[in-house]
Amino acid sequence: MISGIIGKITNLDGQRADILSGALIFSVFLPKLVAQEVKVGEERTFYTYLSLTDKGVELFGFALPEDVATFRLLLTVSGVGPKMALRIFDNQKGEEIQAAIDRADVDFFTQIKGLGKKTAQRIVVDLKAVFERKKEEEEKTFWEKESLLANALRQLGFDRKEIEEVLTSLPAGFETDEEKVAWALNFLLKSKNGERTE
């Protein structure tokens, strides 16, 4: 399995890039948005998906590992193959595709050439549940591994974004959890009032 390639782009032909990595040249299919950003001679990193079918072997490349994960999920939907999944990425970023699924936006997908309404509906129905489960698991993992401070703030009604801001801004030197909570409450109060904390 090839999960990524780091190398120099030696040729660009539409959405296909030839990438020299070590002593090998790989042909990688890129989404249009990515293909438009790269240039021959550049050294780039692509996160990849290797497709093995009766028709042959094809490598699909993306700028972000999260996009590969979304690409893989699209392939689990009946009627969506690698080329169609790539077409979905052509003019949209991975986060935009996920947002369309989250809001059950079937029209977002029917605008893609060759993608019918039934397949668009399957994408939304099948993957919305997957993304919701993933978010629930991430949320659960976050609270399980975070500190007493995070859980105390959660019980006081603060949301995850606010708590993450506290955790990244918390200065060192506090000896007790009570001191941390007191600092965090002061920090959040000043943030809500538009004040800066030192």
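Let us look at the structure shown here. On a predicted model such as this, the values are computed, not experimentally measured, just so you know.

Orientation of helix H7 (residues 148–155) relative to helix H8 (residues 160–169), taken along the N-to-C sense of each, is 145 degrees, at an axis distance of 10 Å. Handedness of the crossing formed by H7 with H8: right-handed. Each of Leu149, Ala150, Leu153 and Arg154 in H7 lies in contact with H8, whose residues at this interface are Ile163, Val166 and Leu167. Here the contact of H7 with H8 is composed, by residue class, of 6 nonpolar, no polar and 1 charged.

Attention now goes to a negative patch on the surface. Together, Glu175, Asp177, Glu178 and Glu179 make up a region of like negative charge exposed at the surface. Along the chain, Glu178 falls in helix H9 (residues 177–192). The class of Glu178 is exposed, set by a relative accessible area of 59%.

Judged by nonpolar contacts, the single largest core of 26 residues is most densely connected at Phe71, Leu74, Ile88, Phe109, Leu115 and Ile123. If you list the elements that add at least two residues to this core, you get strand S5 (56–62), helix H2 (65–75), helix H3 (82–90), helix H4 (94–102), helix H5 (106–110) and helix H6 (117–145). Counting residues in each nonpolar core, the second largest holds 12 residues, with Ile19, Leu30, Val34 and Leu59 among its members.

For the rest of this paragraph, the subject is the sheet that holds strand S1 (residues 4–13). Reading around the barrel, the 5 strands line up as S1-S2-S3-S5-S4 and close back on themselves, with mixed pairing between neighbours. Along the sheet, successive strands turn relative to each other by an average axial angle of 55 degrees, direction set aside. Sheet topology note: the S1/strand S2 (residues 16–21) ladder contains 5 bridges and is antiparallel. Its bridge partner lying in S2, Ile9 is registered against Ile19. Contacting strand S4 (43–53) and S5, H2 crosses the sheet at an angle of about 15 degrees to S4. Against the sheet, H3 makes contact with strand S3 (24–29), S4 and S5, and its axis sits at roughly 20 degrees relative to S5, the strand it touches most.

Calculation criteria
Along every chain, residues carry numbers that run from 1 in the direction the sequence is written. Per-residue local features are limited, in this predicted model, to residues with pLDDT of at least 70; the limit for side-chain atom pairs, both in listing and counting, is 80 or more; totals at the level of whole chains, interfaces and linings are taken over all residues. Only hydrogens and water are set aside when side-chain values are computed; all heavy atoms of the structure are taken into account. Between N-to-C directions, angles span 0 to 180 degrees; the directions come from axes that are lines fitted to C-alpha atoms, helices contributing only their stretch in contact. Secondary structure counts use DSSP, requiring at least four H or I residues in a row for a helix and at least two E residues in a row for a strand, with both numbered from the N terminus. Crossing handedness: left-handed means the near helix sits turned counterclockwise from the far one by under a right angle, and right-handed means the same turn made clockwise. Any two residues having at least one pair of non-hydrogen atoms within 4.5 Å are treated as being in contact. Ten residues, namely Ala, Val, Leu, Ile, Met, Phe, Trp, Tyr, Cys and Pro, are considered nonpolar, four, namely Asp, Glu, Lys and Arg, are considered charged, and the remaining ones, Gly among them, are considered polar. Residues with no salt bridge and a relative accessible area higher than 30% make up the patches, which join like charges within 9 Å and nonpolar side chains (Val, Leu, Ile, Met, Phe, Trp, Tyr) within 5 Å. Accessible surface is estimated by sampling points in the Shrake-Rupley manner with a 1.4 Å probe; for residues, cover comes only from the protein chains shown. Each reported salt bridge corresponds to a side-chain nitrogen of Lys or Arg within 4 Å of a carboxyl oxygen of Asp or Glu. Only four residue types enter the charge count, namely Lys and Arg as positive and Asp and Glu as negative; His and the chain termini do not. Think of each charge as sitting on NZ of Lys, CZ of Arg, CG of Asp or CD of Glu. Partly exposed residues are those whose accessible area sits between 20% and 50% of the maximum for their type, while under 20% is buried and over 50% is exposed, using a 1.4 Å probe and protein chains only. Nonpolar core, defined: a set of buried Ala, Val, Leu, Ile, Met, Phe, Trp, Tyr and Cys residues in which side-chain atoms within 4.5 Å join the residues together. Strands are labelled as partners when DSSP assigns at least two bridges between them.

None of this, on its own, says anything about what the molecule does.
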